[in-house]
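Structural characterization, general
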Amino acid sequence: MPSHRPVVSDVLAEVGDRALERASGAPASEGNAVELLLDAEQNFPAWLASIRAAERQILFEMYIFAPDDVGGEFAHALAQKARDGVHVRVLYDWLGSSGMHRLAAMMREAGVEVRVFNPPRLDSPLGWFTRDHRKTIAIDGKVGFVSGLCVSSRWFGNPVQERDSWRDTGIEIRGPAVAQLERAFAQSWDACGEALPADAFTPESAIAAEGRSRLRVIAGVPTASAMFRMDLVIASIARKSLWLTDAYFVATSAYVQALRAAAKDGVDVRLLVPGVSDIPALSPLSRAQYRPLLESGVRVFEWNGTMLHAKTAVADKLWARVGSTNLNLASWMTNYELDVAIEDHSFAEKMAAQFERDLANTTEIVLTRRNRVRPAFEAEGTTPRESELRAPSRRSLSGSANRAAAGAVSVGSALGAAITNRRALGPAEAGLLFLVSAIVIAVATVAAFWPRVVAWPLAFICTWLGIAWTAKAIVLKRRARQGADTAIPAIKGEAGAGEKARADIISSSRP
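If you're wondering where the values come from, they're calculated on a predicted model, not measured in any experiment. Note on numbering: residues in each chain are counted from 1, in written sequence order. This being a predicted model, a pLDDT of at least 70 is required before a residue's local features are given, and a value of 80 or more before pairs of side-chain atoms are given or counted; all residues contribute to the totals for chains, interfaces and linings. The side-chain numbers reported here are obtained from all heavy atoms of the structure, hydrogens and water having been left aside.

Of the regular secondary structure elements, the protein chain holds 16 helices and 16 strands. The 511 residues of the protein chain split such that 48% are buried. Contacts are assigned to residue pairs that have any heavy atoms within 4.5 Å of one another. Here the analysis covers contacts within the protein chain between residues at least 6 apart in sequence; of these, 79% occur between residues at least 24 apart. For the purposes of this entry, the term helix denotes a DSSP run of H or I that reaches at least four residues, the term strand denotes a run of E that reaches at least two, and both are numbered from the N terminus. Only protein chains enter the accessibility calculation, which uses a 1.4 Å probe; a residue whose area is less than 20% of its type maximum is buried, one above 50% is exposed, and one in between is partly exposed.

Any pair of Phe, Tyr and Trp rings, taking the six-membered ring for Trp, is counted once the centres come within 6.5 Å. Such a pair is stacked with planes under 30 degrees apart, edge-to-face with planes over 60 apart, and tilted for the rest. Under the criterion given, the structure shown has 14 aromatic pairs. A ring pair is formed by Phe44 and Phe156, whose centres lie 5.6 Å apart and whose planes are at 75°; its orientation type is edge-to-face. Remark: Phe156 occurs in the loop between β6 (143-147) and β7 (169-174) and Phe44 occurs in helix α2 (residues 39-52); sequence separation between them is 112 residues. Under the relative-accessibility criterion, Phe44 is labelled buried at 4%. With 4.6 Å between their ring centres and 50° between their planes, Trp155 and Trp166 make a pair best called tilted.

What follows is about the side chain of Asp93. Mapped onto the elements, Asp93 comes out in strand β3 (residues 87-93). Side-chain atoms alone can form a polar contact between residues adjacent in sequence; in general such a contact is a pair of N or O atoms within 3.5 Å, and within protein one must be able to donate a hydrogen while the other accepts it. Of the polar contacts made by the side chain of Asp93, one reaches the backbone nitrogen of Gly96; its length is 3.1 Å. Other than its neighbours up to four places away in sequence, Asp93 contacts Met62, Tyr63, Phe117, Arg131 and Asp132.

This next bit is on the environment of Ala110. Mapping Ala110 onto the fold places it in helix α4 (residues 101-110). Ignoring any residue separated from it by four or fewer positions in sequence, one finds Ala110 in contact with Ala79, Ala82 and Arg83.

Let us look at the confidence of the model for the protein chain. Averaged over every residue, the pLDDT of the protein chain is 83; the share at 70 or more is 79%. Taken together, the stretch residues 398-411 has pLDDT below 50 and engages in 41 contacts with residues farther than four places along the chain or on a different chain. The predictor attaches a confidence to each residue, and that confidence, scored 0 to 100, is pLDDT.

Of note, Thr223 is a non-glycine position whose phi angle comes to about 75°, a positive value. We classify Thr223 as exposed; its relative accessible area is 71%. With phi around 55°, Lys317 is a residue other than glycine that occupies positive phi space.

When you tally the buried positions in strand β1 (residues 29-38), you get seven out of ten residues, the bulk of the element. Two strands pair under a simple rule: DSSP has to find at least two bridges between them. As judged from the six bridges shared by β1 and β7, these two strands associate in the antiparallel manner. Bridge pairing in β7 places Ala33 opposite Arg174.

A separate point is the packing of α2 against helix α3 (residues 69-83). Axis definition: a line fitted to C-alpha atoms, limited for helices to the stretch in contact. Angles are taken between N-to-C directions and run from 0 to 180 degrees. For the pair α2 and α3, interaxial distance at closest approach is 9 Å and the crossing angle is 15°. When the interaxial angle is binned, α2 and α3 end up roughly parallel. The interaxial crossing formed by α2 with α3 has left-handed handedness. Taking contact as the criterion, the partners of Phe44, Trp47, Leu48, Ile51 and Arg52 in α2 are, on α3, Val70, Glu73, Phe74, Ala77, Leu78 and Lys81. We call Asp, Glu, Lys and Arg charged. Ala, Val, Leu, Ile, Met, Phe, Trp, Tyr, Cys and Pro are nonpolar, and the rest, Gly among them, are polar. Across the contact of α2 with α3, the residue classes tally to eight nonpolar, no polar and three charged. Each angle is binned into one of four classes, with values under 35 degrees roughly parallel, values over 145 roughly antiparallel, values of 65 to 115 roughly perpendicular, and all other values oblique. Should the near helix be turned counterclockwise from the far one by less than a right angle, the crossing is left-handed, whereas a clockwise turn marks it as right-handed.

Attention shifts here to the nonpolar core. Residues belong to one nonpolar core when they are buried, are Ala, Val, Leu, Ile, Met, Phe, Trp, Tyr or Cys, and are joined through side-chain atoms within 4.5 Å. Membership of the largest hydrophobic core comes to 50 residues, with the highest contact counts inside it found for Phe60, Phe65, Phe74, Val90 and Met107. Among the secondary structure elements, those contributing two or more residues to this core are α2, β2 (57-62), α3, β3, α4, β5 (135-139), β6 and α8 (282-288). A per-element tally of this core places α3 first, with seven residues. Sequence-distant contacts of Met107, that is, excluding residues within four places in its chain, are made with Phe65, Ala75, Leu78, Ala79, Val90, Met100, Val112 and Val114. Ala177, Ala179, Ile207 and Phe355 belong to the second largest nonpolar core, which has 41 residues in total.

What follows is about the environment of Ala444. Mapped onto the elements of the fold, Ala444 is located in helix α15 (residues 430-449). Of the residues examined, Ala444 reaches a relative accessible area of 47% and is grouped as partly exposed. Along the backbone, Ala444 and Val454 are ten residues apart, and their C-alpha atoms lie at a distance of 9.1 Å.

Considered for burial, the residues of α4 that qualify are Leu103, Ala104, Met106, Met107 and Ala110. Viewed end-on, α4 has its buried residues packed into an arc of 160°, placing them on one side of the element. What points out from α4, more than 90 degrees from its buried face, is the exposed set His101, Arg102 and Glu109. Among the residues trailing α4, Gly111 stands out with phi positive, at a value near 110°. For this quantity, the arc is that covered by the directions from the helix axis to the C-beta atoms.

Structural data, given as structure tokens:
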């Protein structure tokens, strides 16, 4: 008799698909076309061409919208479309886009709706830790862009200062998944004011298929950790290879262990990170995590160019990810982020081929015979390449990471490990601990001899926090009272109706 049992491979595929959907919280979208865009030279022209061709709507969300030549070109293009009658909405982050007042005013005057994400507020002293780190554009329900790039001339580098273009990755999407980009935009837009109107959304069923790619638009929001869960799942199910590119790698212990387990299981795990970072405080933390990875068989490479800013992954040449999420706590837990997971063999092959091309401009980091973390040419005693010799002196200009938050996470990670011994500290973290210990001793000395210098700022901070929290409590109390007041008339009305009904029953029962 023929068996009606499902094939084991089909069952496993279904289980894997269910795991990806549950981890990411994002349903799969079929029938999309995806194009890989590299660096500013390919991304910016594609963005501008689509903006200038817009007919109905532009949704533009950017962590950095810089008031420089590139930012000015984009601002004027968006303003012109608003004058042409296109509904243009622009959302940029307050911390990432400082100095945008003049360009924002120009866009508003032209009819662009401009919102600023999470500016400082007296009633939320620590609220600035949450940032809108997304870089996404959705136009007319037809085309969308997701990337690690921001609108700034620094992505073009600086030839005068011998800084080449930043290495970064983006994608162009056409097809039903653009509707998911619109809904993701609404999350952060609604967090800044009135909700996006219903006519801003394009029904996914109304968008024609453009290709064969299967996508998941993963819209990360604070505390949801969707991309973190997704990254853990991919690290767990990769069978042959997992190649990662990340700009600000300070992973959690859980993710480091997932990469180690994959490498020990025979998966070819490779990690590509910047050789020099625009955030110096992060480099020691990144390098402190090299040793456990290298010991497990993970291969680590440092970029020799000015700045590596891409956030990508490719697994088994079948699955790929492109977006804004870095492999660190700030991206996983506190920011608004947006990534696209592409389940398409041909696109993943392109990503893998690009990763291999990128490795030609890197220095591999290895463990020496004395168990020290060193560049491969030092460990092997070979002559370094020209790019490896000049890499250390080529620090880039400030980048798009949340510098203050990332620095706090870095210091907090090292101090937490030193106090609790939850993980072994590496030599790379010695300098950071020396710096922090010197600051702590200095504060203690000042407190001992000049207590007012410490007491007055502390009193100011505590007063500010107390007033802010009291104001919030009053607002919440008023909301509760207003809710009760609106509920009382309804209750009275129901009670009155009940009394009348009861009287009617009594009168009708009388003989």
